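# An overview of the molecular structure
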Amino acid sequence: MNQLSVSRRYKILTTRISMNSQRQFLLKRGNCKAQWLTVEEIESRYQNLNNLNEFREKFRKGFSIIPDNDQIDPFENLIQVQSNCYKFFDVNECIPTASICNCKNNNSSDCLNEGCENFSRGVECTPLCLMGDDCSNRHLQIINNEKDLDVFRTKQYNWGVITDIDFHKDDFIAEYKGIVQSCYDRTISQIYSMDLGRTSVIDASRWCNATRFLNHCCIPNAQSNLRAVDGLWRLAFFALRKIEANEEITIDYGKSYSQNAEICYCQAPNCAGIIGGKKEFEFNPNKWNEPSNEQTQFLKRFFAEKLWETIPI
Ligand SMILES: C[S@@+](CC[C@H](N)C(=O)[O-])C[C@H]1O[C@@H](n2cnc3c(N)ncnc32)[C@H](O)[C@@H]1O
């Protein structure tokens, strides 16, 4: 992260463009919690400072760390979506469905444990779960359940993801969203796609949300998990440990990431030094059955509806 010292007591940790296109600075003052503020807010808030002129001068220098021709909006040319959009569905994929679990009888406090027959199979409970409001195994179905993720400029690898709240271990962070494509499609981006089941991937190269900017760390603080919801696989991120506010959220890209190897800058003590470099994917026609005409007709109808449901925000 950029650490531009503006005075002995104030630090600009990084900068971002807010939703209303204003440049904001993550300002840390002494031991106080860091805050996102515009230049006007900082100036009005701290106008009684003795060293305001010095602060302004150093602050202006802060602007110069971002060249004019820099890409300033991480979402420029991208479309932010509320849900996945389907261009492909593998009819042979076996996706588990939810049952009415036994957690109520087991006196469980929620359904987020291996004792829940849905949770243990990677399935979210339905609204009919007998645990009612105590069922927490419905992260992906609850509207507005996602925390606000901020995209910030990192020092080494362009954009990254941060929030201004703390996460506890196992907390739901957000869902990876984009276009569901076939993993056999060689035109899709290897960098911005993540596996979704046996033969599907989520391609977030253009239709996406902030999670497309999650960077890799060899000791990550978050991980992705497949969850089955209403007969579809979805991909969600959960905290692996406590994540402090304004700490970068990172994941392990794993062995299936991109064929092009890149130097890893994560600086973790166990850093492998490299990300990506997987072997080329080999298409095995024996493992792949073409869908029948009826299946294709059904899928066309089904996905026309899904496409319509996907409303860019
Ligand atoms: C899915 S993108 C993550 C967002 C990316 N930083 C951006 O601005 O679009 C993955 C790319 O980010 C960069 N990256 C992510 N983690 C990295 C790391 N630990 N070291 C070096 N580069 C990294 C690599 O270029 C990688 O191919």
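Residue positions within a chain follow its written sequence, with the count starting from 1. Whole-chain, interface and lining totals are the exception, using all residues; otherwise, since this is a predicted model, local features are given only for residues with pLDDT of at least 70 and side-chain atom pairs are given and counted only at 80 or more. Water and hydrogen atoms were dropped before computing side-chain values, which therefore reflect all heavy atoms in the structure.

As named in an unreviewed UniProt entry, the protein chain is Histone-lysine N-methyltransferase, H3 lysine-36 specific-like, taken from Dermatophagoides pteronyssinus.

### Here's the deal with the overall build of the protein chain
The secondary structure content of the protein chain amounts to three helices and 19 strands. Buried means the residue's accessible area, taken with a 1.4 Å probe over protein chains only, is under 20% of the maximum for its type, while exposed means over 50%, and partly exposed covers the values in between. Looking at the protein chain as a whole, 42% of its 313 residues qualify as buried. Restricting to contacts in the protein chain with at least 6 residues of sequence separation, those with at least 24 account for 60%. Accessible surface computed for the protein chain: about 17900 Å², of which carbon and sulfur atoms make up 48%. Where helices and strands are cited, they refer to DSSP runs of H or I of at least four residues and of E of at least two residues respectively, numbered from the N terminus. A contact between two residues is defined here by any heavy atoms of the two lying within 4.5 Å. Exposure was quantified through the Shrake-Rupley algorithm and a 1.4 Å probe, taking into account, for residues, occlusion by the shown protein chains and nothing else.

### So, the nonpolar core
Nonpolar side chains in soluble globular proteins tend to be buried together. Note on terminology: a nonpolar core comprises buried Ala, Val, Leu, Ile, Met, Phe, Trp, Tyr and Cys residues joined through side-chain atoms within 4.5 Å. Among the nonpolar cores identified, the biggest contains 32 residues, and Phe-75, Leu-149, Ile-173, Tyr-176, Phe-213, Phe-237 and Ile-249 are the most heavily contacted of them. Among the elements of the structure, strand E8 (159–162), strand E9 (172–175), strand E11 (193–196), strand E15 (222–229) and strand E16 (232–239) are those that each provide at least two residues to this core. Beyond its immediate sequence surroundings of up to four residues, Ile-249 is in contact with Leu-149, Val-161, Thr-163, Phe-167, Ile-173, Leu-214, Asn-215, Asn-221, Ala-222 and Ile-243. Counting residues in hydrophobic clusters, the runner-up holds eight residues, among them Cys-101, Cys-116, Cys-129 and Met-131.

### Focus: the pairing of E11
Pairing between two strands requires that DSSP report at least two bridges joining them. Direction of pairing for E11 relative to strand E12 (residues 200–203): antiparallel, over a ladder of four bridges. Residue pairing across strands places Asp-195 opposite Val-201, the latter belonging to E12. From the end of E11 to the start of E12, which pair antiparallel, there are three residues, and Gly-197 there has a positive phi angle of about 85 degrees.

### Here's the deal with the site of the ligand
It suffices for a single heavy atom of a residue to lie within 4 Å of a molecule or strand for the residue to be listed as near it. As a matter of local geometry, the ligand sits amid 18 residues, with Tyr-157, Trp-159, Tyr-192, Tyr-257 and Glu-262 nearest to it. Think of a polar contact as two N or O atoms within 3.5 Å of one another; within protein, one of them needs to be a possible hydrogen donor and the other a possible acceptor, and neighboring residues in sequence only count if both atoms come from side chains. Take Asn-158: an N or O atom from its side chain is 3.4 Å from an oxygen atom of the ligand. Taking Trp-159, its main chain carries an N or O atom lying 2.8 Å from a nitrogen atom of the ligand. For the ligand, whose accessible area on its own is 560 Å², the fraction buried by protein is 91%. When contributions to the shell around the ligand are tallied by element, the ones reaching two or more residues are strand E14 (215–216) and strand E18 (262–263). Classification convention: Asp, Glu, Lys, Arg as charged; Ala, Val, Leu, Ile, Met, Phe, Trp, Tyr, Cys, Pro as nonpolar; all other residues, Gly among them, as polar. Grouping the amino acids of the shell around the ligand by side-chain chemistry returns 13 nonpolar, three polar and two charged.

### Observations regarding the side chain of Asp-90
On the secondary structure map, Asp-90 appears in the loop between strand E6 (85–86) and strand E7 (150–153). On the basis of relative accessible area, Asp-90 is assigned to the buried category, the value being 1%. Engagement of the side chain of Asp-90 in a polar contact is seen with the backbone nitrogen of Asn-92, the distance being 2.8 Å. A polar side-chain atom of Asp-90 sits 3.0 Å from a polar atom in the side chain of Arg-198.

### Quick look at the packing of aromatic side chains
When two rings of Phe, Tyr or Trp (its six-membered ring) have centres within 6.5 Å they constitute a pair, described as stacked for plane angles under 30 degrees, edge-to-face for angles over 60, and tilted for the intermediate range. Scanning the entire structure with this criterion turns up four aromatic pairs. Arranged with centres 6.0 Å apart and planes meeting at 80 degrees, the rings of Tyr-176 and Phe-237 form a pair that is edge-to-face. On the criterion of sequence distance, the pair formed by Tyr-176 in the loop between E9 and strand E10 (179–182) and Phe-237 in strand E16 is long-range, its members being 61 residues apart. Neither residue differs from the other here; Tyr-176 and Phe-237 are each classed as buried. Should the NZ of a Lys or the CZ of an Arg lie within 6 Å of a ring centre and within 35 degrees of the ring normal, that charge is described as sitting over the ring. Between the NZ or CZ atom of Arg-153 and the centre of the ring of Trp-159, over which it lies, the distance is 4.1 Å. The cationic tip of Arg-212 hangs over the ring face of Tyr-192; the distance from NZ or CZ to the ring centre is 3.8 Å.

### Quick word on the state of the cysteines
Here, the term disulfide refers to a pair of cysteine sulfur atoms separated by no more than 2.5 Å. Tallying each qualifying case throughout the model produces zero disulfides. Counting only cysteine sulfurs, Cys-266 is the nearest neighbor of Cys-217, a cysteine outside any disulfide, at a range of 4.1 Å. For Cys-217, a relative accessible area of 12% puts it in the buried group.

### A word on the sheet that holds E9
Pairing in this open sheet of three strands is antiparallel, and the strands run E9-E16-E15 from one edge to the other. A strand with exactly one partner marks an edge of an open sheet, and here the two such strands are E9 and E15. Taking each pair of neighbouring strands and ignoring which way they run, the sheet shows an average axis angle of 35 degrees. Taken together, the three bridges between E9 and E16 define a ladder with antiparallel strand orientation. Across the sheet, the residue bridging to Phe-172 is Phe-238, located in E16. What counts as an axis is a line fitted to C-alpha atoms, over the stretch in contact for a helix, and the angles between N-to-C directions run from 0 to 180 degrees.

### Thoughts on the pattern of salt bridges
Any Lys or Arg side-chain nitrogen located within 4 Å of an Asp or Glu carboxyl oxygen qualifies as a salt bridge. Enumeration according to the criterion identifies six salt bridges in this entry. Between Asp-90 and Arg-198 there is a salt bridge, and its shortest N-O distance comes to 3.0 Å. Highlighted residues: Asp-90 in the loop between E6 and E7 and Arg-198 in the loop between E11 and E12, separated in sequence by 108 residues. The partly exposed category is assigned to Arg-198, whose relative accessible area is 44%. For Lys-242, the salt bridge is made with Glu-244, and the minimal N-O distance between the two is 3.9 Å. With a relative accessible area of 39%, Lys-242 lands in the partly exposed category. Residues joined in a network through salt bridges with shared partners are Asp-166, Lys-242 and Glu-244.

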